[in-house]
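Structure at a glance
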Protein chains: 2
Amino acid sequence: MSQQSTPNEARPNEAWFTEAHQASGSSIGFRTERLLHAEKTPFQTIEIHKTTDWGNLMVIDGCVMLTSRDNFLYHEMMTHPALFTHARAKRVVIIGGGDCGTLREVLKHEEVEHAVQVEIDERVTRLAEQYFPELCEANGDPRAELLFIDGIKYMAEAEPDSLDLIIVDSTDPVGPAEGLFNAAFYASCYKALRHGGLLVQQSESPLAHLELIKSMRSAMRTSGFSAVKTLPFPQPCYPTGWWSCTMARKGGDLSGFRERGALSKNFPTKYYNAEIHKAALAQPEFLREALGE
Amino acid sequence: MSQQSTPNEARPNEAWFTEAHQASGSSIGFRTERLLHAEKTPFQTIEIHKTTDWGNLMVIDGCVMLTSRDNFLYHEMMTHPALFTHARAKRVVIIGGGDCGTLREVLKHEEVEHAVQVEIDERVTRLAEQYFPELCEANGDPRAELLFIDGIKYMAEAEPDSLDLIIVDSTDPVGPAEGLFNAAFYASCYKALRHGGLLVQQSESPLAHLELIKSMRSAMRTSGFSAVKTLPFPQPCYPTGWWSCTMARKGGDLSGFRERGALSKNFPTKYYNAEIHKAALAQPEFLREALGE
């Protein structure tokens, strides 16, 4: 038997936070140094752990939300593909996104004139300010507005034809986020968007949540959206390590994007670039078959 | 606090196999029904678990090797990009790959006249035949040859200019596979390849093993390869859920592939298609910067 030079068992003196994702029968864990914070808010329980290799880790209701090390994948893919698809997104709303990482990426775009983050639980943002300060560095931007209210109600009451981009950066479709994954919510978004406007929503794992993706896409079309596209991307801290966002457009299609804009962008990214944007539009064979594209 | 409708803790009556990847401080686990087989071979320990959601699971020396459900990602990406890059790969050697999944994908290509699988541990293949029969369905193909000998020695003694494609489908660079990740081995491969021939090797996680990827690429170039390219792809069962293969060419470049061939392929795949091939050539920004591409 070969010498074991990379042991692969947790050692007795180690602590690990592990999320056992019951729906897919798989788990993901991180080795932790200590629990930095834990609280029960009116909406959920939030924990912050210090990990050995992934920076800080935020957990909500037992589900991994983000780590310092890999959140760039999710935040960049929830924002830049949509912003480089829209001709000029001036007014942006983020539903959820309390850690402010999505807001930070949105505000890297000069064309954005106003970005509202509508997070139901203010404690998520306050803890992000403390434990993920790098994600909150754009919170003081004069174009940013932070609201701590119900995003479903906010969208239902939004002025018609007033927005260019809505980003739904929520937890899984259970608990407070459940109402963000149905036709009633999509109808509110559709009404609030201008012609050519975009909705982009995190749409879970292509491998483990295919039925959810199909149902979201169907509900988006039912609500009037003329084109729908699902973009897969890697995300180590979420179940299966593979995640996706789904984009929907009010009028027009989703076949292209502002490639020259992406090539000449004047801000740094760690994952996103024009080539990666094109790559994310490619559909794995099983997904193409399942989604009928 | 919201109702918890997708519990995310392992339940008391459940069994889980978890690989705690010490090098990255992260773990991946699968819920299991029972242990189907365990043995210690002259080379390593092998376990086969029946999981609740991922089919069968093979574990070698505590490291997850494959599951029935997600191995298609790895096996397709270790083979089809290389085979659709080479003009006409007639003679193929697989080093490792004892589960036979790579061999099966290779033999889907009609242009392949002879494919040798050189696996050091015959027990891996015998257990794959029993627990992953779908991966072994091409083993009886008259073009297939299965050898159970040392792949390093095999390549060192291979006839010069005799091969079109070498696929290194090994375990991590520790234990029996350590000698497959250095310049001496790459020099053997280079010598054995015909002009225009390709070497493709699994190259671990873009996020967790960047230094290994850089060192592999550097050693490949030192050994004479004229072009090197790293292709990332999702792989839920491996650390970080994100994996890669690195391709090297003896003469010529790696900028294109036989796109029309990929578009009109006459065999089924679950992940790979021409669009996914192009997508895998896109380099995430941090990788592009780290690799100097």
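Residues numbered from 1 in each chain as written. Chains lettered and ligands numbered in written order. Predicted model: local features only at pLDDT ≥ 70, side-chain atom pairs only at ≥ 80, totals over all residues. Heavy atoms only, no water.

Where an unreviewed UniProt entry is consulted, chain A appears under the name Polyamine aminopropyltransferase, with the organism given as Rhodanobacter thiooxydans. Quoted verbatim from the Catalytic activity (unreviewed entry) field of the UniProt record, the comment on chain A reads "S-adenosyl 3-(methylsulfanyl)propylamine + putrescine = S-methyl-5'-thioadenosine + spermidine + H(+)". According to the UniProt record, the Function (unreviewed entry) comment for chain A is "Catalyzes the irreversible transfer of a propylamine group from the amino donor S-adenosylmethioninamine (decarboxy-AdoMet) to putrescine (1,4-diaminobutane) to yield spermidine." (UniProt positions renumbered as here; feature names shortened; annotations may be inferred.)

**Section: the nonpolar core**
In terms of nonpolar packing, the biggest core is built from 112 residues, with L165 of chain A together with L165 of chain B touching the most fellow members. Once residues within four sequence positions are removed from consideration, L165 of chain A is found in contact with A82, L83, A89, R91, V92, V93, L193, L198 and V200 of chain A. (Core = buried A, V, L, I, M, F, W, Y, C linked by side-chain atoms within 4.5 Å. Buried < 20%, exposed > 50% of the residue type's maximum accessible area, 1.4 Å probe, protein only. Contact = heavy atoms within 4.5 Å.)

**Looking at the packing of aromatic side chains**
Going through the model one piece at a time under the given rule, you end up with 22 aromatic pairs over all chains. Among the aromatic residues, ring-to-ring pairing joins F72 and Y271 of chain A together with W242 and F286 of chain B into one connected group. Here the guanidinium or amino end of K250 of chain A rests over the ring plane of Y190 of chain A, the centre of that ring lying 4.7 Å away. (Phe/Tyr/Trp six-rings, centres within 6.5 Å; stacked < 30°, edge-to-face > 60°. Lys NZ or Arg CZ within 6 Å of the ring centre and 35° of its normal.)

**Section: the interface of chain A and chain B**
Interface size is commonly expressed as the accessible surface area that is lost when the partners come together. Residue-level contacts link 67 residues of chain A with 66 residues of chain B. Summed over the shared surface of chain A and chain B, the result is 0 salt bridges. Summed over the shared surface of chain A and chain B, the result is 23 residue pairs in polar contact (both at pLDDT 80 or more). Put simply, the parts of the chain that give the side of chain A that touches chain B at least two residues each are β1 (15-21), β2 (26-40), α1 (71-77), α9 (274-281) and α10 (285-291) of chain A. (Salt bridge = Lys/Arg side-chain N within 4 Å of Asp/Glu carboxyl O. Polar contact = N/O pair within 3.5 Å; in protein donor to acceptor, adjacent residues only side chain to side chain. Helix = DSSP H or I, 4+ residues; strand = E, 2+ residues; numbered from the N terminus.)

**Remarks on the pattern of salt bridges**
Residues and elements named next belong to chain A. All told, the structure shown has 36 salt bridges over all chains when counted by the stated rule. One salt bridge connects R126 with E122, and the closest N-O pair in it is separated by 2.9 Å. Residue R126 and its partner E122 are located together in helix α4 (residues 122-131), separated by 4 residues, close to a single helical turn. Classification of R126 as partly exposed rests on a relative accessible area of 28%. According to the relative accessible area criterion, E122 is partly exposed, its value standing at 35%. Taken together, the shared-partner salt bridges connect R104, E105, K108 and E137 into one network.

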